[in-house]
Amino acid sequence: MSTDPGSPEPIRVLVVEDDPVAADAHALYVGRVSGFTVAGVANSRSAAVRALERTRVDLLLLDLYLPDGHGLQLVRSLRAAGHLADVIAVTSARDLAIVREGVSLGVVQYVLKPFTFATLRDRLARYAEFRAAAGEASGQDEVDRALGALRAPQGGSLPKGLSGPTLESVTRTLRDSPTGLTAAEAGTAVGISRITARRYLEHLVTEGRAARSPQYGQIGRPELQYRWLRAGG
């Protein structure tokens, strides 16, 4: 990952995974996401505790089934010791009782195995947006937007003709653009038509996650430009 001195300090991630091959893969994934860096890799609960004693960690990418104890036991002990690192659980567990327990301990997201790099990249980007929220909220909408950053798009609630995976791609493309995008630019980046891209961008505007404004300086009718509304900013 690049270390531009003018960029914000990267989010430091400790990968906790008992399978060495999976641990290396997860660390590789994290290292490929802008704004994140791998602070260490631990293959057990005890190794994770030692790593946390040695180095600063902002986020744990935590497997729940470890050889020397359940991952939530690790989280519980960390909270008791006053450690405030956030947790993204990476697990094959689908027991919703465990999910609820994790939420009560401060697990901010769950990623079910097996998963792709694109899935983890999206979850990390959402976490970074949530983490970037700062200051005092102006109202309920801003609080909802900050918390909503952690949630993946719900395909069942999308307007007819829109798909969840394409929405994620358009959302990620717009979120990664520092100056905003036109529908044509977004369509080219994602591999869809300008008209289709505009439908997704307009959906993001309707959801309060993007804003549009006319882009002047061109001959003829000005093109609409869309920009991502970052939580808290």
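How each quantity is defined
- Residues numbered from 1 in each chain as written.
- Predicted model: local features only at pLDDT ≥ 70, side-chain atom pairs only at ≥ 80, totals over all residues.
- Heavy atoms only, no water.
- Axes fitted to C-alpha atoms, helices over the stretch in contact; angles between N-to-C directions.
- Helix = DSSP H or I, 4+ residues; strand = E, 2+ residues; numbered from the N terminus.
- Parallel < 35°, antiparallel > 145°, perpendicular 65-115°, else oblique.
- Left-handed = near helix turned anticlockwise from the far one by under 90°.
- Contact = heavy atoms within 4.5 Å.
- Pairing = 2+ DSSP bridges.

### Digging into the packing of helix α2 (residues 45-54) against helix α3 (residues 71-80)
Between α2 and α3, the least distance of the axes is 10 Å, while the angle of their chain directions is 30°. Viewed along their axes, α2 and α3 adopt a mutual orientation that is roughly parallel. The handedness of the crossing between α2 and α3 comes out as right-handed. When α2 is examined against α3, the residues R45, A48, V49 and L52 are found in contact with a partner set consisting of Q73, L74, S77 and L78.

### Examining the sheet that holds strand β3 (residues 59-63)
Strand order in this open sheet of 5 strands is β2-β1-β3-β6-β7, and the pairing throughout is parallel. The two strands at the open ends of the sheet, each matched to only one other strand, are β2 (36-42) and β7 (107-112). For this sheet the average axis-to-axis angle between neighbouring strands, irrespective of direction, equals 20°. Bridge count between strand β6 (residues 86-91) and β7: 5 bridges; the pairing is parallel. Its bridge partner lying in β7, T91 is registered against L112. Its contacts with the sheet put helix α1 (residues 20-31) on β1 (11-16), β2, β3 and β6, and the angle it makes with β2 is roughly 165°.

By themselves, these observations are geometric and do not establish any function.
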